[in-house]
Each structure stands twice: as structure tokens, then as C-alpha cells.
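Architecture and fold: a report
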Amino acid sequence: MKEIVLNIKTISIFIFIGAFLLTYVSIPKIIGVVEHKKLMDNPNNRSSHIKLTPTLGGISFFITLMISFFFLNQWDLYGNSIYIIPGLTILFITGLKDDLVVLSPFSKLGSQIIAIAFILSNDIMLINSLNGFLGFEEISTFFAYPMSAFLMLTVINAYNLIDGIDGLASMVGIVISFIYGVIFYYIGLYYFSLLCVVMIATLFAFLRYNLSSNKKIFMGDTGSLIIGFIISVLTIRFLALTPTRLNELPFHLENIPLIVISILIVPLFDTARVFTIRVLKKRSPFSPDRNHTHHLLIDLGLSHRKASIIIGLFNILFVVLFVVLGSTSNNLYTTVFFAIAMLSLIYVFYKLDFSFSNLKRKILFKRKVENIKGNLSSKKKKTTVEKKEKEFEYDDVSH
């Protein structure tokens, strides 16, 4: 057993380096093609960038993941790749088309359902029990399929929605992949642990370009759908584990659903918040706007990098908090604490006047004030310069 663990650690290093280099080297080639073919992302009133920027960074994700499956094959004891690869390919094509010509939400939803169907056709990926969460134990097959599918759809689209500023989707993806990687390594599911390593390496390599000022590229829907799909697969696999496997984890079995929500807190909370606001404004929950948490942080004056780091750190702290609680407290206490934490977050956003309309008015007013000050300052400087020039001309004529 020790030899296997040591072997996995060594393999993890090689896989990380290989996935990182493959992504790192392929992205500049993609940037070159995108710029040559003029397939740039055109900024609009919801964009957080102001110039044409290459997109389709997700192509490098797809290439890296597909090659990685070849090296992960010897740890794939249940043939997981056979189910993942078709779904991944479908979402890659869907994301690619959406980045190029823009698809309707229903077309994207249909593609996601087909991709999810491949995953759920594998019996070991079906959630059959909640292990005592809120008193629920076994789940009938009739409810297991729609519940598992709905969860995967939620995760895929929630991750897709947080891809709004530089670095955020990558950082959150790295945090989520790292946590799942540790969990799967701890319980001996090395295939999924190594898949997480590939994800981390790929996103780290992409992050270097996504935060670059001269070689910037976005992952686009191509990338966010791929990463969201893999995260949803990891989530389903974790929740579908048998009690025998789960008993090896340090936290109570009935707290596992809360642990999962805490791992996915950033995309789930942001999506729930944005959808609620849109519905209250009598708009479609899928209608685009600039009311996401990351947009609000940017509008408050934070840089993309600082906003992404803050949200990423929040994700880590939230997970640590609930892992500790899930290990030491019963389900009722942990659930109550979780509810209080959620209500506190909602209250903070409300109390600090994070209403998009009010915030927008404040920002516009602040910008107007700054513009007025800037204009007055420039006029004052111009008047001073003109005065000095006249004095110089007068002195020159006098001489």
C-alpha cells in the first residue's frame, strides 16, 4: 500500500508538470490563431474589459484533458473515462460554437443534458443515499436520476456564470479541484485525485495568460463548460460514494451534503443571489446583467486580481470552517450554523447596499465628481500654463 501511495505521489508530480506545460505551450498558439482569424471577444456594456481580447482558451483545456486520460487509464478501475469523454466532447463543441456564433440558453441546456446522460449511465455515479442528512437515508432510483442530473446542471451553469472577470473562474476552479483532490486521495480513489491534479495544473497555466496584460486570453464558454462539467462529475462521484468509502473521511457522513455546498459556495451562492434578484425584478433568471458579486467588487474599485483573490480566499475559509464543523458537530447543529451563515451573507449584501441599481448610481455619481474635479484641475493647469506663456512672451518682447 505504501508503495502505491509513493507511486501516486510521484505520478502526480509528473502529471502536473506535463499538464501545465501542455496548456502553457498551447495557449500562445491559440492566441495567434484567434488574432489572425479575428475571433476576438468584443466588449459590451456588461464586460469588465475595454478592448478586443482573444477567447477560446478552453481549447487548451480540452486538449490537455483528452491527452491526460491516456495516462490516467491505469487507475481507471471502473471505466470512468468512457463516460466522461463523450460528455466532455459534447460540451467542448457546444462551448466552441457558443463562443463563435452565440447559442440560445435552451440549446446549451440540451447539450448539457445529453452530456450528463452519459455520466449517469454509469451506475457508480448515481446518488443513492444522503447518509442521514436531515433524516434522509436511501433515495429511490425514481428520484435519484433527476436529482443527480439537476445537481450537475446547477454546478455546470453556476461555474459558467462566475467567469466574468480575469482570474476568478481559474482561482475558484483551483480551490475546488484541490479540495476534491485531497478527498479522493484520502479515500484511495486515485483516478479522480489525479484528474484533479490535471485540472489544477491546467488552470494554473491558463491563469498566467488570463492575468497577463500583453498576452491575455479568456477561457470563454468553451473553457467554463468543460471545467464546470468536470467539477460536476467530481461532485456527483463524491456524493455517490458508499458509506464504506465515506467512513474513511474525518467528518460525519450526514454532514457531507453541507461539505459539498461549502466547497461550491462561490458559484452556488452567486448564482442563487443573481437569479433571485432577476426574478424579483420580473426578468428571466437567464437574462444577462452586471449584478454578479465579482462585478460589484470591480465596480467598487478593486482590480480583477484583488477581487478574484478575495473571493478565492473566502471559498477556502468557508470550506475549512465547515470541514471543522462537519467533523465535530452533529448534522442539526451544522445545518443550523450553515443557515445562519447564509442569512448573514444575504444580510451583509443587503445592509451594505449592494443593490445593483443603488450601487450603480453611487459609482456613476462618484465618477462624475472625479471627472468634474479632473476637468477643473486640467482647466486650472491650462490657465496657469497660458498665463506663464504670456508672461514669457511679454518678457521676450521686452528684451
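Check the entry above for the structure.
Everything numeric in this text was worked out from a predicted model, so none of it was measured.

Conventions used here
- Residues numbered from 1 in each chain as written.
- Predicted model: local features only at pLDDT ≥ 70, side-chain atom pairs only at ≥ 80, totals over all residues.
- Heavy atoms only, no water.
- Helix = DSSP H or I, 4+ residues; strand = E, 2+ residues; numbered from the N terminus.
- Buried < 20%, exposed > 50% of the residue type's maximum accessible area, 1.4 Å probe, protein only.
- Contact = heavy atoms within 4.5 Å.
- Areas by Shrake-Rupley, 256 points an atom, 1.4 Å probe, with all protein chains shown as cover.
- Salt bridge = Lys/Arg side-chain N within 4 Å of Asp/Glu carboxyl O.
- Pairing = 2+ DSSP bridges.
- Polar contact = N/O pair within 3.5 Å; in protein donor to acceptor, adjacent residues only side chain to side chain.
- Core = buried A, V, L, I, M, F, W, Y, C linked by side-chain atoms within 4.5 Å.
- Axes fitted to C-alpha atoms, helices over the stretch in contact; angles between N-to-C directions.
- Parallel < 35°, antiparallel > 145°, perpendicular 65-115°, else oblique.
- Nonpolar A, V, L, I, M, F, W, Y, C, P; charged D, E, K, R; others polar.
- Left-handed = near helix turned anticlockwise from the far one by under 90°.
- Phe/Tyr/Trp six-rings, centres within 6.5 Å; stacked < 30°, edge-to-face > 60°.
- Lys NZ or Arg CZ within 6 Å of the ring centre and 35° of its normal.
- Expected span 1.5 Å × (residues − 1).

On to the overall build of the chain, then. Of the regular secondary structure elements, the chain holds 15 helices and 4 strands. For the chain, the proportion of its 399 residues judged to be buried stands at 48%. Residue pairs at least 24 apart in sequence account for 73% of intrachain contacts in the chain once pairs closer than 6 positions are excluded. Put simply, the chain shows about 20900 Å² of open surface, and 68% of that area lies on carbon and sulfur atoms.

Moving on to the pattern of salt bridges. Applying the stated criterion to the full structure yields 3 salt bridges. Asp221 is paired through a salt bridge with Lys108; the nearest N and O atoms lie 2.9 Å apart. With Asp221 in helix H8 (residues 220–239) and Lys108 in helix H4 (residues 105–120), this pair connects stretches of sequence that are 113 residues apart. Neither residue differs from the other here; Asp221 and Lys108 are each classed as buried. Asp166 is paired through a salt bridge with Lys216; the nearest N and O atoms lie 2.7 Å apart. Pair noted here: Asp166 is in the loop between helix H5 (141–161) and helix H6 (168–186) and Lys216 is in the loop between helix H7 (190–210) and H8, with a separation of 50 residues, a long-range link. According to the relative accessible area criterion, Asp166 is buried, its value standing at 13%. The network of salt bridges with shared partners includes Asp98, Lys108 and Asp221.

Time to look at the environment of Ser12. Here Ser12 shows up in helix H1 (residues 2–37). The exposure class assigned to Ser12 is buried, which follows from its relative accessible area of 18%. Along the backbone, Ser12 and Leu194 are 182 residues apart, and their C-alpha atoms lie at a distance of 6.3 Å. What Ser12 contacts, discounting residues up to four positions off in sequence, is Leu194 and Val197.

In summary, the side chains of a regular strand alternate between the two faces of the sheet. Across the 5 residues of strand E3 (residues 129–133), 5 count as buried, placing the element largely inside the fold. Adjacent in sequence and paired antiparallel, E3 and strand E4 (residues 136–138) are bridged by 2 residues, among which Leu134 carries a positive phi angle near 55°.

Now for the side chain of Ser129. With respect to the helices, strands and loops of the structure, Ser129 is situated in strand E3. There is a polar contact of 3.0 Å between the side chain of Ser129 and the backbone nitrogen of Asn131. Within the local environment of Ser129, its side chain forms a polar contact with the backbone oxygen of Glu137, the two atoms lying 3.2 Å apart. In contact with Ser129, other than residues within four places in its own chain, are Glu137, Glu138, Ile139 and Leu239.

Formed by 103 residues in total, the largest nonpolar core has its most connected members in Tyr180, Phe184, Phe192, Phe229, Ile230, Phe238 and Ile263. For this core, the leading source of residues is H7, giving 15 residues. Among all residues touching Phe238, those that are not within four sequence positions of it are Tyr180, Ile183, Phe184, Leu246, Leu249, Phe251, Ile256 and Val260.

Our focus in this paragraph is the packing of helix H2 (residues 58–72) against H8. Relative to each other, H2 and H8 sit at 40°, their axes nearing to 7 Å. Between H2 and H8, the angle falls in the class oblique. Side by side, H2 and H8 meet where Gly58, Ile59, Phe61, Phe62 and Leu65 of the first sit next to Thr222, Gly223, Ile226, Ile227 and Ile230 of the second. Residue classes in the contact of H2 with H8 are distributed as 7 nonpolar, 3 polar and no charged.

Now for the packing of H6 against helix H13 (residues 304–328). Closest axis-to-axis distance for the H6/H13 pair is 8 Å, and the angle between their directions is 20°. In terms of orientation, H6 lies roughly parallel with respect to H13. In terms of crossing hand, the pair formed by H6 and H13 is right-handed. Taking contact as the criterion, the partners of Leu168, Met171, Val172, Val175, Ile176 and Ile179 in H6 are, on H13, Ser308, Ile309, Ile311, Gly312, Asn315, Ile316 and Val319. When its residues are assigned to classes, the contact of H6 with H13 shows 10 nonpolar, 3 polar and no charged.

Scanning the model with the defined rule gives 17 aromatic pairs in all. Taking the centre distance of 6.3 Å and the plane angle of 15° together, the rings of Phe16 and Phe20 count as stacked. Separated by 4 residues within a single helix, Phe16 and Phe20 lie in helix H1, roughly one turn from each other. Owing to a relative accessible area of 31%, Phe16 belongs among the partly exposed residues under this scheme. Among the aromatic residues, ring-to-ring pairing joins Tyr180, Phe184, Tyr191, Phe192 and Phe238 into one connected group. Over the face of the ring belonging to Tyr209 we find Arg208, whose NZ or CZ atom lies 4.8 Å from the ring centre.

What follows deals with helix H3 (residues 80–101). An α-helix turns once per 3.6 residues; consequently, residues spaced three or four apart project the same way. The end-to-end C-alpha distance of H3 is 32 Å, a good match for the 32 Å that 22 residues give at a rise of 1.5 Å each. Of all the residues in H3, the buried ones are Asn80, Ser81, Ile84, Gly87, Leu88, Leu91, Phe92, Thr94, Gly95 and Asp98. The inward-facing, buried residues of H3 contact H2, H4, H5, H7 and H8. Trailing H3 by a residue or two, Val102 shows a phi angle of about 70°, which is positive.

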